[in-house]
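# Observations on the three-dimensional arrangement
What follows is the residue order along each chain.
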Amino acid sequence: MDDLADCREVFAYFDTKGDERISVQQVGDVLRALGQNPTEAEIHRCVSSFERDGRLTFEDFVPIFQSVSKNRYVFFRFLFNPYCFSEKHTVEEFVEGLSHFDKEGNGMINVAELRHLLTTLGERLSDEDVDQLLNGHNDSHGNVNISDFVRAIMNA
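One structure accompanies this document, and this report is about it. Here the structure is a predicted model, which means the values were calculated and not measured.

What follows is about the overall build of the protein. Within the protein, the secondary structure is distributed over eight helices and four strands. Listing the helices and strands of the protein from first to last along the sequence gives α-β-α-α-β-α-α-β-α-α-β-α. A buried classification covers 38% of the 156 residues belonging to the protein. When the accessible area of the protein is evaluated, it comes to approximately 9600 Å², of which 48% is carbon and sulfur surface.

Written as structure tokens, this is what we have:
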């Protein structure tokens, strides 16, 4: 969603008290309804300046939404750039970016999902390139440890 009006409409849907505000606890839900997939750590960072039981106006929420959207855009731009690993990005930045796809919150990403990301986004990799990258990284459940994978790629 790139239209502020759409953002406001979704925000208003979560305003259950009719005071044009949402609770701090709803921020993650609103972000997800707007197509974002923030980690709990990212949400916590964004709302840390608000009281836990506080309520946010739309004007309070917009910078949070923009921050989460920007972080995701920047991550994809450098993750799927063929020169990204030669640029000065930290392991933590790559791990945080891939953690958006960690559905269980356990530091793992499904190998099929990672393959899909690598073959369809940004500078698309061939199946052969992905096979080479993923070789030896998946466990018996078809998952890849995000941190180990990023460290191995960056040290290759």
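Now for the packing of helix 5 (residues 91–98) against helix 8 (residues 146–154). At a minimum axis separation of 9 Å, helix 5 and helix 8 run at an interaxial angle of 135 degrees. The orientation of helix 5 relative to helix 8 falls into the category oblique. Helix 8 is crossed by helix 5, and the crossing has right-handed handedness. Between helix 5, through Val91, Phe94, Val95 and Leu98, and helix 8, the contact on the second element is made entirely by Ile146, Ser147, Phe149, Val150, Arg151 and Met154. Partitioned by chemical class, the residues of the contact of helix 5 with helix 8 number eight nonpolar, one polar and one charged.

Let us now look at the nonpolar core. Formed by 19 residues in total, the largest nonpolar core has its most connected members in Ile22, Val27, Val30, Leu31, Leu34, Phe61 and Ile64. Elements with a contribution of two residues or more to this core: helix 1 (4–13), helix 2 (27–33), helix 3 (40–47) and helix 4 (58–79). The element best represented in this core is helix 4, accounting for six residues. Ranked by size, the runner-up nonpolar core spans 16 residues in total, among them Val91, Ile109, Leu117 and Ile153.

The next thing to look at is the packing of aromatic side chains. The tally for this structure, following the rule as stated, stands at four aromatic pairs. Both rings, one in Phe11 and one in Phe58, keep their centres 5.4 Å apart while their planes meet at 70 degrees; by these two values the pair is edge-to-face. Here Phe11, found in helix 1, pairs with Phe58, found in helix 4; they are 47 residues apart in sequence, far enough to count as distant. In this structure, Phe11 and Phe58 share a single accessibility class: buried. Here Phe61 and Phe65 contribute two aromatic rings whose centre-to-centre distance is 6.3 Å and whose plane-to-plane angle is 20 degrees, an arrangement assigned as stacked.

Moving on, we come to the pattern of salt bridges. For the structure shown, the criterion picks out eight salt bridges. Between Asp15 and Arg55 there is a salt bridge whose closest N-O contact spans 3.8 Å. Of the two residues, Asp15 sits in the loop between helix 1 and strand 1 (21–23) while Arg55 sits in strand 2 (residues 55–57), which places them 40 residues apart along the sequence. Note that Glu96 and Arg45 form a salt bridge whose closest N and O atoms lie 2.9 Å from each other. Here the residue Glu96 occupies a position in helix 5, and Arg45 occupies one in helix 3, the gap between them amounting to 51 residues. In this structure Glu96 comes out as partly exposed when scored by relative accessible area, which is 33%. Taken together, the shared-partner salt bridges connect Asp15, Asp19 and Arg55 into one network.

Definitions and limits used
Residues numbered from 1 in each chain as written. Predicted model: local features only at pLDDT ≥ 70, side-chain atom pairs only at ≥ 80, totals over all residues. Heavy atoms only, no water. Helix = DSSP H or I, 4+ residues; strand = E, 2+ residues; numbered from the N terminus. Buried < 20%, exposed > 50% of the residue type's maximum accessible area, 1.4 Å probe, protein only. Areas by Shrake-Rupley, 256 points an atom, 1.4 Å probe, with all protein chains shown as cover. Axes fitted to C-alpha atoms, helices over the stretch in contact; angles between N-to-C directions. Parallel < 35°, antiparallel > 145°, perpendicular 65-115°, else oblique. Left-handed = near helix turned anticlockwise from the far one by under 90°. Contact = heavy atoms within 4.5 Å. Nonpolar A, V, L, I, M, F, W, Y, C, P; charged D, E, K, R; others polar. Core = buried A, V, L, I, M, F, W, Y, C linked by side-chain atoms within 4.5 Å. Phe/Tyr/Trp six-rings, centres within 6.5 Å; stacked < 30°, edge-to-face > 60°. Salt bridge = Lys/Arg side-chain N within 4 Å of Asp/Glu carboxyl O.

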